[in-house]
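Residue-level structure breakdown
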Amino acid sequence: MKMTQSSIARRALTAAVATAALASATTAQAAENGKFRVGIVTFLSGAAAGPFGVPSAHAAETVIDALNKGQLPAPYNTKGINGMEIEAVIIDENGGATKQVEEFRNLVERQKVDAVIGYISSGDCLAISPVAEELKIPTIMYDCGTSRLFVENKAPKYVFRTGLDAVVDNVGAARYLADTRPKMASFAGIQQNYAWGQDSWVDFVEAMKHVKPTAKVAAEQFPKIFQGQYGAEISALSVAKPDVIHSSFWGGDMEALVLQGGARGLYDGKTLVLTCGETGIERYKGQAPNGTVIGGRGPFGAFAPKNALSDWLRTAYRAKWSDEPIYPSFKMAQAILALKTAVEKAAPAGKQPSSDQIVAAMTGITFESPSGTVKMARASGHQAMQGIAYGEYHYESGRAVLKNVKSYADTCVTPPDGTNGQEWIKAGMPGAKCD
Amino acid sequence: MRLDRTELWLLASGVVLALGVFVLPNWLTFLLTIAFAKGLVVQGVVVQMRAGLVSFGQGLYYCIGGYTVGMGGQWLGVHDAFVLLALSMVAAAVVAMVLGLLLTRYREIFFAMLTLAFSMILYGVLAKSQSLGSTDGFNVHGITALGWTPGSSGKMFVYVLTCGIAAVAAVFLHRLSKSSVGYVCEAIRENEVRVEYLGASPRWTLYSTYVLAAAVSALGGGLTGMATGHVDPEMAYWTTSGEFVFIALLGGIGHVAAPFVAASLFSTVRTYAIQFVPHSWQMILGFVLLGIIIFLPKGLWSLFKRTRKAEARV
């Protein structure tokens with residue numbers, strides 16, 4: 001009896017191992033239908049969907065459709081990715097990091113995508129990064145700004161970021177103010193009380209210490225995220241009488257602050273600086289005071305240079321969605337084009353390269369994008385390096401226009417490779433080369 | 001220790017599910033790991049529900065469990081899964097011993113709101129601590145087990161561990177529900193005054209239940225942290241706690257296995273809703289859950305009971 005039992009057990013174990021081997025054989029990375037599958041993860045619901053997620057998803061659809069038809073201008077006038085049709089699997093980023101890790105695994109292991117592009121939330125980026133390395137899947141973070149991404153992932157192989165580090169936003173903003181507001185004596189900040197707002201304020205204050213040491217912090221306010229009503233904070237800022245008010249607010253909170261502060265005359269004689277202000281450019285309709293300094297987290301959206309690709313993106317996006325593409329749309333397009341360039345560099349036309357070939361090709365790559373030429377020149381070739389632009393919003397005869405736009409070169413606002421962004425700013429931004 | 005039929009079933013299911021690691025695709029084992037870990041937190045909610053208390057702040061202990069595992073690795077240099085889980089149970093129990101003194105004086109909505117308040121306090125504190133990554137949280141890595149480093153099979157190890165812990169916890173909680181304390185809990189739910197007249201102390205029964213629920217929930221949090229490799233303050237946010245209450249209602253309090261079944265169903269429905277209707281998955285999830293609540297008011301487990309009664313009648 002004992003003998004038979006143990007033999008049954010052994011047989012069961014063998015069967016189990018055989019099935020496991022079979023299962024792992026079938027889960028090998030491959031788009032079985034000859035298409036190149038890309039997972040697209042962005043906010044389709046929740047507060048970040050309106051300003052960021054949906055414009056990104058729309059851009060992804062526009063670019064991927066056009067790529068499949070071969071309608072993009074050169075150098076992207078070949079069909080699909082490396083001759084393969086692109087199939088997008090779109091997933092909602094809403095719901096927190098635990099759920100995103102689960103859904104990332106589902107994308108890779110159940111839906112068998114060949115690459116993933118996504119993530120707006122910094123928390124999601126930090127949680128996904130080790131999982132992408134574990135599952136060995138090329139993953140492009142297209143928007144999240146946390147400086148910790150490549151501090152925690154010291155030797156990235158499969159994780160890339162085609163968007164810029166948030167450090168760039170605030171160094172750029174500080175330089176712009178120092179150049180355009182030389183008489184500024186004090187500044188104040190109002191930030192959402194979570195990682196993004198806290199980091200933005202630290203970066204900005206430290207950068208100001210070096211580019212404009214005479215300017216003092218007049219007040220700082222940290223209302224909670226999605227608070228919506230800023231009466232008390234607006235009073236506190238009015239009393240402090242700063243020359244400049246800096247805010248990293250985004251989406252609905254940002255628009256609420258613009259409206260409520262405007263109604264109470266907060267911006268009279270003061271300059272409002274919105275580092276994410278570009279997403280609202282078509283929505284303020286003159287409610288943001290003329291002269292508000294806005295940024296687009298890099299040379300994106302309204303700040304994108306005029307070239308064949310940006311012209312194409314604007315025309316195609318407008319035709320499809322009857323709306324202007326904003327900075328998240330440009331960032332999404334940029335990530336897709338980075339992937340196309342890398343895959344086509346990795347294997348001869350019509351062939352599907354392996355994950356390892358794709359990431360090897362993408363490391364340190366230089367590619368064309370609607371925002372200009374992008375170099376993956378930081379975090380050992382895994383982080384894009386670009387300049388940033390800021391400008392003043394003006395509403396004239398029913399149209400939003402940008403004035404006094406100033407661009408700062410990538411070397412002027414980006415920390416050198418291997419340095420932590422915040423420490424670099426604290427040390428006085430050594431090695432920054434500005435023209 | 002003699003095991004009754006239910007307990008044998010629970011342990012056998014645990015073993016079968018754990019062996020599934022060889023057969024099931026990785027995404028499914030990961031989904032089940034998270035579902036069972038959440039199921040453990042839901043057990044904490046259900047234990048209190050049996051005594052008539054609804055905790056809207058069980059995320060507090062889920063978060064404490066997760067952060068203990070994360071911080072133990074990051075700052076104390078402890079990477080052993082068993083030590084970390086033990087630590088998270090201790091941490092949760094200590095906090096529960098203090099909070100329990102206050103909370104067990106309240107019932108019904110007052111208890112629910114106070115538990116919610118405490119979990120939101122933890123959320124607020126964590127969101128303000130920049131050294132802990134604020135709302136972005138931080139990564140958990142390098143988990144070992146009794147000197148063995150699972151390496152690339154780390155997630156498989158966490159799955160097997162979760163199955164084992166869930167099965168043992170289920171057996172323990174089943175015993176508890178059949179013990180005198182378990183029955184006193186039900187009696188408290190029905191009529192607390194009468195329990196006092198019988199000479200039992202509702203307050204101390206509820207206190208010990210509260211502390212026990214906290215420890216079980218912390219296990220769930222710790223396992224989730226190990227599985228996802230990341231913890232963030234969202235774990236203590238009220239919507240997370242709400243999800244636990246929801247899963248508890250979904251499963252019902254009829255059987256100790258119900259929370260695990262409900263959590264697995266919840267995760268499965270959600271992931272397929274996200275896949276097939278990415279733009280309105282919440283609606284699909286909502287309709288499914290609404291349907292279950294309308295047609296199975298006593299939770300999923302009533303399905304099993306109903307068929308058993310029908311069989312008995314025949």
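These figures come from a predicted structure and were not determined experimentally. (Residues numbered from 1 in each chain as written. Chains lettered and ligands numbered in written order. Predicted model: local features only at pLDDT ≥ 70, side-chain atom pairs only at ≥ 80, totals over all residues. Heavy atoms only, no water.)

1. Digging into the UniProt feature "transmembrane region" (unreviewed entry) in chain B
Residue and element names in this part refer to chain B. Cross-referencing UniProt, the feature "transmembrane region" (unreviewed entry) maps to residues 59–76, 82–102, 109–126, 156–173, 244–269 and 281–304 in the present numbering. Helix makes up 100% of residues 82–102 and strand 0%, and the two end C-alpha atoms of the span are 31 Å apart. The distance from the first to the last C-alpha atom of residues 109–126 is 26 Å, and the span holds 100% helix and 0% strand. (UniProt positions renumbered as here; feature names shortened; annotations may be inferred. Helix = DSSP H or I, 4+ residues; strand = E, 2+ residues; numbered from the N terminus.)

2. Focus: the domain arrangement of chain A
When the parts of a complex come together, some accessible area is lost, and that lost area is often used as the size of the interface. All names here are of chain A. Its domain assignment divides chain A into domain 1 (36–165 + 304–385) and domain 2 (167–298 + 387–426). Once you take the C-alpha centre of each, domain 1 and domain 2 turn out to be 27 Å apart. Of the residues lining the interface, 21 residues belong to domain 1; the matching set on domain 2 comes to 21 residues. A buried area of about 1800 Å², summed over both sides, lies between domain 1 and domain 2, and 60% of it is on carbon and sulfur atoms. Considering only the surface of domain 1 that becomes buried against domain 2, D165, Y327 and M385 emerge as the three largest contributors, covering 32% of it. Our enumeration of links across domain 1 and domain 2 arrives at two salt bridges. Salt-bridge contacts for K375 lead to D410; the nearest nitrogen and oxygen are separated by 3.6 Å. (Domains from an automatic or database assignment. Contact = heavy atoms within 4.5 Å. Buried area = accessible area lost by both parts, 1.4 Å probe. Salt bridge = Lys/Arg side-chain N within 4 Å of Asp/Glu carboxyl O.)

3. Brief notes about the confidence of the model for chain A
Note that predicted coordinates carrying low pLDDT should not be read in detail. In the predicted model, chain A carries a mean pLDDT of 88, and 93% of its residues have values of at least 70. Contacts from residues 1–31 of chain A, a stretch scored under 50 in pLDDT, to residues over four places away or in other chains number 15 contacts. (pLDDT = per-residue confidence, 0-100.)

4. With respect to the interface of chain A and chain B
Across the boundary between the two partners, chain A contributes 37 residues, which contact 32 residues of chain B. Of the roughly 3200 Å² buried where chain A meets chain B, counting both sides, 54% is carbon and sulfur surface. Contact with chain B buries area across many residues of chain A, yet T98, E102 and R110 of chain A alone supply 19% of it, more than any other trio. Summed over the shared surface of chain A and chain B, the number is one salt bridge. Between E102 of chain A and R270 of chain B there is a salt bridge whose closest N-O contact spans 3.9 Å. Between the two partners, chain A and chain B, sit 15 residue pairs in polar contact (both at pLDDT 80 or more). Looking at the side of chain A that touches chain B, the elements that each hand over two or more residues are α1 (2–26), β2 (86–92), α3 (97–110), α4 (122–135) and α7 (195–211) of chain A. No other element matches the ten residues that α3 of chain A contributes to the side of chain A that touches chain B. Considered class by class, the residues forming the side of chain A that touches chain B number 15 nonpolar, eleven polar and eleven charged. (Polar contact = N/O pair within 3.5 Å; in protein donor to acceptor, adjacent residues only side chain to side chain. Nonpolar A, V, L, I, M, F, W, Y, C, P; charged D, E, K, R; others polar.)

5. Points about the environment of I294 of chain A
All names here are of chain A. Within the element layout of this structure, I294 appears in strand β10 (residues 292–295). It is 17 Å that separates the C-alpha atoms of I294 and M184, two residues lying 110 residues apart in sequence. Other than its neighbours up to four places away in sequence, I294 contacts L274, G277, E278, I281, F303, Y390, G391, Y393 and L402.

6. Topic: a nonpolar patch on the surface
Taken together, the side chains of M71, W75, L76, V83 and L87 of chain B present a nonpolar region at the surface, about 480 Å² in accessible area. With respect to the helices, strands and loops of the structure, M71 of chain B is situated in helix α3 (residues 59–74). (Patch = residues over 30% accessible without salt bridge, like charges linked within 9 Å, V, L, I, M, F, W, Y side chains within 5 Å. Areas by Shrake-Rupley, 256 points an atom, 1.4 Å probe, with all protein chains shown as cover.)

7. Digging into the state of the cysteines
Residues and elements named next belong to chain A. This structure, assessed with the given rule, holds two disulfides over all chains. One disulfide in the model links C125 with C144; its S-S distance is 2.1 Å. Handedness of the C125-C144 disulfide follows from its S-S torsion of about -100°: it is left-handed. Of the two residues, C125 is situated in helix α4 and C144 in the loop between β4 (139–141) and α5 (149–152); the sequence distance between them amounts to 19 residues. Both residues of the pair, C125 and C144, count as buried. In this model C412 forms its disulfide with C434; the gap between the sulfur atoms is 1.9 Å. The disulfide joining C412 to C434 has a torsion of about 85° about its S-S bond and is therefore right-handed. (Disulfide = S-S within 2.5 Å. Buried < 20%, exposed > 50% of the residue type's maximum accessible area, 1.4 Å probe, protein only.)

8. What to know about the sheet that holds strand β9 (residues 271–274) of chain A
Residues and elements named next belong to chain A. Sheet architecture is open: seven strands sit in the order β7-β6-β8-β9-β10-β14-β15, paired in mixed fashion. Two strands lie at the open edges of the sheet, namely β7 (216–221) and β15 (399–408), each paired on one side alone. Going from strand to strand, the sheet's axes swing by 25° on average, the running direction of each strand aside. Where β10 and strand β14 (residues 388–396) come together, four bridges link them in antiparallel fashion. Looking at the pairing, I294 lines up with G391 of β14. Sitting on the sheet, α7 touches β6 (186–190), β7 and β8 (244–247), and the angle it makes with β6 is about 170°. Lying over the sheet, helix α8 (residues 231–240) contacts β6, β7 and β8, oriented at roughly 170° with respect to β7. (Pairing = 2+ DSSP bridges. Axes fitted to C-alpha atoms, helices over the stretch in contact; angles between N-to-C directions.)

9. Digging into the confidence of the model for chain B
When pLDDT is averaged along chain B, the result is 88, and 96% of the positions lie at 70 or above. Among the scores for the predicted complex, ipTM is 0.86 and pTM is 0.87.

10. Some words on helix α7 (residues 180–190) of chain B
Residue and element names in this part refer to chain B. By the burial criterion, the buried members of α7 are G182, C185 and I188. What you see down the axis of α7 is that its buried residues fit within an arc of 115°, all on one side. Exposed positions of α7 whose direction lies more than 90 degrees from the buried face are S180 and E190. (Arc of directions from axis to C-beta.)

11. Thoughts on the nonpolar core
Nonpolar side chains in soluble globular proteins tend to be buried together. Residues F104, Y119 and M141 of chain A together with L40, I143 and M226 of chain B are the most contacted members of the largest nonpolar core, which totals 97 residues. At 15 residues, the largest contribution of residues to this core is made by helix α2 (residues 26–50) of chain B. If near-sequence neighbours (up to four positions away) are discounted, M141 of chain A is found in contact with G118, Y119, C125, I128, S129, L149, V159, F160, R161, T162 and G163 of chain A. Listed in part, the 58 residues of the second largest apolar core include I117, W196, F367 and V374 of chain A. (Core = buried A, V, L, I, M, F, W, Y, C linked by side-chain atoms within 4.5 Å.)

12. Quick word on the packing of aromatic side chains
The geometry of an aromatic ring pair is captured by the separation of the ring centres together with the interplanar angle, meaning the angle of the planes. Residue and element names in this part refer to chain B. If you walk through the whole model with that rule in mind, you get 20 aromatic pairs over all chains. A ring pair is formed by F111 and Y210, whose centres lie 6.3 Å apart and whose planes are at 85°; its orientation type is edge-to-face. Here the residue F111 occupies a position in helix α5 (residues 108–128), and Y210 occupies one in helix α9 (residues 202–228), the gap between them amounting to 99 residues. Residue F111 is classed as buried on the basis of its relative accessible area of 0%. Where Y272 meets F276, the ring centres are 6.0 Å apart and the plane angle is 15°; that geometry is what we call stacked. With a gap of four residues between them, Y272 and F276 both fall in helix α11 (residues 258–276), about one helical turn apart. (Phe/Tyr/Trp six-rings, centres within 6.5 Å; stacked < 30°, edge-to-face > 60°.)

13. Brief notes about the packing of helix α1 (residues 5–19) of chain B against helix α6 (residues 154–178) of chain B
All names here are of chain B. It is at 8 Å that the axes of α1 and α6 come closest, and there the two elements cross at 175°. When the axes of α1 and α6 are compared, the pair comes out roughly antiparallel. Counting all contacts with α1, which are made through T6, E7, L10, L11, G14, L17 and A18, the residues of α6 involved are Y159, V160, C163, A167, A170, V171, H174 and R175. Along the lines of polarity and charge, the residues of the contact of α1 with α6 split into ten nonpolar, three polar and two charged. (Parallel < 35°, antiparallel > 145°, perpendicular 65-115°, else oblique.)

14. Concerning the pairing of β8 of chain A
All names here are of chain A. Neither face of β8 is exposed, since V244 and H246 on one face and I245 and S247 on the opposite face are all buried. In this sheet, β8 lies alongside β6 in parallel orientation, the contact comprising four bridges. Bridging across to β8, F187 finds its partner in V244. Pairing analysis gives four bridges linking β8 to β9, with the strands arranged parallel. Looking at the pairing, H246 lines up with V273 of β9. Assessed by its sense of winding, the connection that carries the chain from β8 through helix α9 (residues 251–263) to β9 is right-handed. (Right-handed = clockwise from strand over helix to strand, strands pointing away.)

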